[in-house]
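Report on the structure
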Amino acid sequence: MTQRTYAGIAVDVNDEGYFTQSSVWTPEIAKAVATEEGIDLTDRHIAVLNFIREKTAKGEALSLRSIGKSGIVDAKQFYELFPGAPLKKASRIAGIAKPSSCV
Amino acid sequence: MKKLVILGAGTGGTLIANKLRKKLPSAQWQITIVDKEPDHVYQPGFLFIPFGIYESRQVVKPRKKFIPAGVQYIESVIEKVNPATNIVELANGTQLTYDYLIVATGVDIAPYETPGLAGAEWHKSIFDFYTLEGATRLQTALSNFKEGNLVISIVELPFKCPVAPLEFAFLADSYLRKKGIREKVNIFYTTPLPGAFTKPKATKILGELLEKKGIQLIPDFNIEEVDNSDKKLVSYDGRTVPFDLLTIIPVNMGAEYIGRSGMGDDMNFVPTNKHTLQSVQWENVFVLGDAANIPTSKAGSVVHFAAEILYENFLYAIEGKPLTASFDGHANCFIVTGIGEGTLIDFNYDVEPLPGSFPLPVIGPMKLLKINRLNYLGKMAFKWAYWNLLIKGRHMPISTKMSMSGKETD
Ligand SMILES: Cc1cc2nc3c(=O)[nH]c(=O)nc-3n(C[C@H](O)[C@H](O)[C@H](O)COP(=O)(O)OP(=O)(O)OC[C@H]3O[C@@H](n4cnc5c(N)ncnc54)[C@H](O)[C@@H]3O)c2cc1C
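1. Describing helix α1 (residues 11-23) of chain B
All names here are of chain B. Here α1 spans 19 Å end to end across 13 residues, near enough to the 18 Å set by a 1.5 Å rise per residue. Of all the 13 residues making up α1, 11 are buried; the element is thus mostly covered by neighbouring parts of the structure. Buried within α1 we find T11, G12, G13, T14, L15, I16, A17, N18, K19, L20 and R21.

2. Quick notes on the domain arrangement of chain B
All names here are of chain B. In terms of domain boundaries, chain B breaks down into domain 1 (2-48 + 59-108 + 253-318), domain 2 (111-251) and domain 3 (331-390). Taking only C-alpha atoms into account, the centre of domain 1 sits 27 Å from that of domain 3. Counting from both sides, the interface comprises 24 residues of domain 1 and, opposite them, 14 residues of domain 3. Interface area, domain 1 with domain 3, both sides summed: about 1,600 Å², of which 74% is carbon and sulfur. Of all residues in domain 1, the largest losses of buried area upon contact with domain 3 belong to Y42, F48 and S301, amounting jointly to 34% of the total for that side. Along the contact surface separating domain 1 from domain 3 lie 0 salt bridges. Along the contact surface separating domain 1 from domain 3 lie 5 residue pairs in polar contact (both at pLDDT 80 or more). Of all the secondary-structure elements, those providing two or more residues to the side of domain 1 that touches domain 3 are α1, β3 (39-41), β4 (60-62) and α6 (300-318).

3. Some points on the interface of chain A and chain B
At the junction of the two partners, chain A supplies 13 residues and chain B supplies 22 residues. Approximately 1,500 Å² of surface area, both sides summed, lies buried where chain A meets chain B, with 55% of it carried by carbon and sulfur atoms. The interface formed by chain A and chain B includes 4 salt bridges. Ionic pairing is found between K76(A) and E224(B), a salt bridge with its closest N-O pair at 3.0 Å. At the surface where chain A touches chain B, the tally comes to 5 residue pairs in polar contact (both at pLDDT 80 or more). Elements with a contribution of two residues or more to the side of chain A that touches chain B: α3 (64-68) and α4 (75-81) of chain A. Classifying every residue of the side of chain A that touches chain B by side-chain character gives 5 nonpolar, 3 polar and 5 charged.

4. Concerning empty space enclosed by the protein
Residues and elements named next belong to chain B. As enumerated under the stated definition, the model contains 1 cavity of 30 Å³ or more in all. Estimated volume of the largest cavity: approximately 70 Å³. Lining the largest cavity are G289, D290, A292, I294, T296, S297, K298, A299, V302, V303 and A306.

Rules of the game
Residues numbered from 1 in each chain as written. Chains lettered and ligands numbered in written order. Predicted model: local features only at pLDDT ≥ 70, side-chain atom pairs only at ≥ 80, totals over all residues. Heavy atoms only, no water. Helix = DSSP H or I, 4+ residues; strand = E, 2+ residues; numbered from the N terminus. Expected span 1.5 Å × (residues − 1). Buried < 20%, exposed > 50% of the residue type's maximum accessible area, 1.4 Å probe, protein only. Domains from an automatic or database assignment. Contact = heavy atoms within 4.5 Å. Buried area = accessible area lost by both parts, 1.4 Å probe. Salt bridge = Lys/Arg side-chain N within 4 Å of Asp/Glu carboxyl O. Polar contact = N/O pair within 3.5 Å; in protein donor to acceptor, adjacent residues only side chain to side chain. Nonpolar A, V, L, I, M, F, W, Y, C, P; charged D, E, K, R; others polar. 1 Å grid on protein atoms, 1.4 Å probe; cavity = no way out; pocket = protein on both sides within 12 Å on 5 of 7 lines; lining within 4 Å. Points joined across faces, edges and corners; volume = space filled by probe spheres on them.

If you want it as structure tokens, here you go:
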């Protein structure tokens, strides 16, 4: 485990840069993490991140489908907001664990 | 008289009906089971139909044959459940009331969920092998296939029997080699996962096997649509994969009535306590098999292990006792790696598939994540065990809880 500083706040992250404690997260911290991913966060990004955090807090599994049905973005727009590997990038920026698929 | 209603008479429903009818006195308990189709199908057999290894008649038997005496069987589509008033509505107009409900309606493919998938090419050059119809039609298409791109694709996770598309790819490689046309065919394997499988050790070994067989893995591929006129897959990030023959695992969803009854998540899976197998929301509802949202494989072996736990907890529940039996997510899946060869994985909620021997250390005779002929025979023997032991609720020679014995850890 290592520590990184985002928006002036020290955050514990794992080897792959995912937060180990999601409670430290703020939108300001997210902006700093997003910069590392090459993304300039907009309100739309933040709305998606909040949705992801709420779903995770309820213990529900994240999927492209559930985000596509969130009413905030559809799956295509989600890809545009977080290009490449959207679920992984969005999870890291949202301060939650890396999405895992069960066997 | 108490009433138990079981929804679905597939692997799980049939098995639990057999076990509970033996246990619950007929004078006190009425058991009713509902299914929409007259035939019980052995789904693991669907894998072999496209290659002519099995014929359809080997995987189909009349459902009634497996419903025990003393259980009322109703053939009808389930329309809706009202869990607040304990009523099930059937399409044939019947209303069933229950004291306890066991949901075992599994999952089914939903090709219409993907734009273009259920279009003009469906069952022409695009096939599933998760239905008897799809598998049978694919057999004809494969026997006529001479050259070009054979693409095997997974639309979305989770789907039942997560090793089945890999097995299909391995068998297709063997089959085309036997026909002498392997060099005229490119085999591609697209998946939303970053690798061949979900967990690290199995992913590495199965990924190497794909490579060895010249099957090209296309990871992180999320299908946005199927272009029927150009016969190609299009991903959300704009990549395309052209196909001449496409074998696809469409989105897998729980039964529609689950959604209509407000009992499911966005995939129509029923939120279920992963250890007790009781519904999260309703105390008198239990969920068995693929229909549950529990984080393990949707597989027949899982249904079998889960049924042992559900059986115990059901008996506790009706006596008002705490549900102390706990499911560990145990799964045990043979993986066919070519005609005549196979491997085996054994895992649970907490332990990923590891290499080793099964069920005994060193001796095996089955090998975990290693390839041998015996593993293939094990897979083929599963058909006999399914019809004769598993769904009849008889003892299977394999323990409900996963064991670390024989597994190699580092
Ligand atoms: C190609 C393939 C290969 C597989 N290989 C393996 C393998 O090698 N090993 C393994 O362990 N597992 C394998 N499986 C998975 C295994 O078959 C399933 O996990 C298992 O059958 C699930 O049991 P179930 O009782 O949950 O659901 P099912 O057995 O699918 O039963 C569900 C039942 O509910 C009925 N039903 C659904 N909706 C309604 C409704 N609205 N009204 C009335 N009835 C309804 C259906 O008709 C069906 O009979 C494979 C599956 C496939 C498709």
